[in-house]
Amino acid sequence: MGKYIIADNQEITRYALESLIKQDEQNTVYRASDKTSLVAYLKEHEHAVVILDYTLFDFADEDQLLIVSERFALSQWLLISDELTPQFLRRVIYSSHQFSIVFKDGPMKDLRDALHAIDRHERFISQKALEVIIHQQYEEEKPDILTATEAEIVKAIAQGKTTKEIAEERFSSIHTITTHRKNIFRKLGINTAHEVVKYAIRAGLIDPSEFYI
């Protein structure tokens, strides 16, 4: 006999989940409307499975969610939402094996497979969730290549030219050059003009004999 706590404030979703879970008449379903009632149910049923739509519930952030899950370490959690960010997914998945993930726009098979896996005390991560995480990792690892314009601006910054001077030379506004500068710093993972000079030398954009780093 399983204990399930549905923490989802969409009535249609709650009803569908409850109907699915109660196909096994031995299962018991509780409804939590907020974090306080969820914690109260977990105090009574520490082995319960929590089915949570994180994006619609009243957790302030993932820290609160992880604190509650750690407090009730015997519970299992199935996160079911329309959308979860890659950063959230990675943190939750890597922080605890209590969490399984499915998306509401995924196939019904995902939900059934997740519930079966949880029943065996195994974790289930849907294919879509895995793809979101893998794509984010690829984007982070993919080198950001500077455009031709950005490379020219890097060279100008390394030569000691001000934003105003660069704007005048390129017949651009100061705002445009400032935006390019921010994008360059972000792509290169740097914070100062001094680091721009180092990059420009390594990239062969300027003659290192002219500078002392």
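To start, this report covers the structure provided alongside it. (Residues numbered from 1 in each chain as written. Predicted model: local features only at pLDDT ≥ 70, side-chain atom pairs only at ≥ 80, totals over all residues. Heavy atoms only, no water.)

Thoughts on the sheet that holds strand 2 (residues 28-31)
Within a sheet, each strand pairs with its neighbour through backbone hydrogen bonds, oriented either parallel or antiparallel.
Then comes step 1: Strand order in the open sheet formed by 5 strands is 2-1-3-4-5, with parallel pairing between adjacent strands. On the outer flanks of this sheet lie strand 2 and strand 5 (99-103), each paired with one strand and no other. Averaged over neighbouring strand pairs, the angle between their axes works out to 20° when direction is ignored.
Then comes step 2: Pairing between strand 1 (residues 3-7) and strand 2: 4 bridges, direction parallel. (Pairing = 2+ DSSP bridges. Helix = DSSP H or I, 4+ residues; strand = E, 2+ residues; numbered from the N terminus. Axes fitted to C-alpha atoms, helices over the stretch in contact; angles between N-to-C directions.)

Looking at the packing of aromatic side chains
Then comes step 1: Taken as a whole, this structure holds 4 aromatic pairs when the rule is applied.
Then comes step 2: When the ring of Phe 57 is compared with that of Phe 59, the centres are 6.0 Å apart and the planes differ by 40°; the resulting orientation is tilted.
Then comes step 3: Looking at Phe 59, the relative accessible area reads 7%, which means it is buried.
Then comes step 4: Between the aromatic rings of Trp 77 and Phe 99, the centroid separation amounts to 5.8 Å while the plane-to-plane angle is 40°, which identifies the pairing as tilted. With Trp 77 in strand 4 (residues 76-81) and Phe 99 in strand 5, this pair connects stretches of sequence that are 22 residues apart.
Then comes step 5: Here Phe 99 falls in the buried class, since its relative accessible area comes to 0%.
Then comes step 6: The ring of Phe 103 carries Lys 128 above its face, with NZ or CZ at 4.6 Å from the centroid. (Phe/Tyr/Trp six-rings, centres within 6.5 Å; stacked < 30°, edge-to-face > 60°. Buried < 20%, exposed > 50% of the residue type's maximum accessible area, 1.4 Å probe, protein only. Lys NZ or Arg CZ within 6 Å of the ring centre and 35° of its normal.)

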